[in-house]
Amino acid sequence: MGKVGILTEKPSAARNFAAALGGMSGVFEGTEYVIVHARGHLLELKDPSAMVPAPLADKYKSWELEHLPWNADDFRWEREIRRRVSGGKLVTDPDAKSLLHELKTALSGCESVCNAADLDPTGEGSLLGWEIVEYVCADQQSKSDT
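A brief report on the enclosed structure follows.

For the rest of this paragraph, the subject is the overall build of the chain. The secondary structure content of the chain amounts to 3 helices and 9 strands. Ordering the α and β elements of the chain from the N terminus gives β-α-β-β-β-β-β-β-α-β-α-β. Counting only C-alpha atoms and orienting by the principal axes, one finds that the chain spans roughly 60 × 35 × 30 Å. A buried classification covers 34% of the 146 residues belonging to the chain. Partitioning the contacts of the chain with sequence separation of at least 6, the portion at a separation of at least 24 is 65%. Carbon together with sulfur atoms contributes 53% to the accessible area of the chain, which is approximately 8,800 Å² in total.

Two elements in contact, helix H2 (residues 94–107) and helix H3 (residues 124–136), have axes separated by 10 Å at closest approach and are oriented at 70°. The orientation of H2 relative to H3 falls into the category roughly perpendicular. Residues Leu100, Leu103, Lys104 and Leu107 of H2 touch H3, and the partners they reach there are Ile132, Tyr135 and Val136.

Within the structure shown, the criterion is met by 5 aromatic pairs. A ring pair is formed by tyrosine 60 and phenylalanine 75, whose centres lie 4.8 Å apart and whose planes are at 70°; its orientation type is edge-to-face. Of this pair, tyrosine 60 sits in the loop between strand E4 (43–45) and strand E5 (79–81) while phenylalanine 75 is found in the loop between E4 and E5, placing the two residues 15 residues apart along the sequence. As far as the burial class goes, tyrosine 60 and phenylalanine 75 line up, both buried. Consider the rings of phenylalanine 75 and tryptophan 77, whose centres lie 4.9 Å apart with planes at 35°: the pair is tilted.

Within the largest apolar cluster, 19 residues are counted, with the highest numbers of intra-cluster contacts made by Leu7, Leu42, Leu100, Leu103, Leu107, Ile132 and Val136. Sorting the residues of this core by element identifies strand E3 (31–37), H2 and H3 as the ones contributing at least two each. The dominant element in this core, judged by the number of residues it contributes, is H2, at 5 residues. Here leucine 100 is in contact with Leu42, Leu43, Ile81, Ile132, Tyr135 and Val136, once residues within four sequence places are set aside. One finds Val4, Tyr33, Ile35 and Cys114 within the second-largest nonpolar core, a separate group that totals 8 residues.

Reading the values: the criteria
Residues numbered from 1 in each chain as written. Predicted model: local features only at pLDDT ≥ 70, side-chain atom pairs only at ≥ 80, totals over all residues. Heavy atoms only, no water. Helix = DSSP H or I, 4+ residues; strand = E, 2+ residues; numbered from the N terminus. Buried < 20%, exposed > 50% of the residue type's maximum accessible area, 1.4 Å probe, protein only. Contact = heavy atoms within 4.5 Å. Areas by Shrake-Rupley, 256 points an atom, 1.4 Å probe, with all protein chains shown as cover. Axes fitted to C-alpha atoms, helices over the stretch in contact; angles between N-to-C directions. Parallel < 35°, antiparallel > 145°, perpendicular 65-115°, else oblique. Phe/Tyr/Trp six-rings, centres within 6.5 Å; stacked < 30°, edge-to-face > 60°. Core = buried A, V, L, I, M, F, W, Y, C linked by side-chain atoms within 4.5 Å.

As structure tokens, then:
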């Protein structure tokens, strides 16, 4: 087995894995690994009007009752880097963009990526991890869940 990337949801979880395996990177039982971490949600869904065919965009910009309920089948469900308000405008969060770049670089040499994000009853932690894996490892061949 080639190098394994272990993605955790937050720095504290990465430290726990590192304590158990002997460091943030190394070899454990013959398998090379690297541990990386996110810091919560780095990606979010695009605005509804940006995820539908152009002829439907105006409908999905409106929250008027005449346009509700929305049809989930109309959406492409695309993600983008988390945004934040800066100077009164919604802009790409530079911290999220930078961290995603770091994760992509760190995981680029891995044959597989293990989603070691938090396991909770809502599935939020696992989803957060898979969103990141999908975003930064689109060209990876092997992905595994813990």
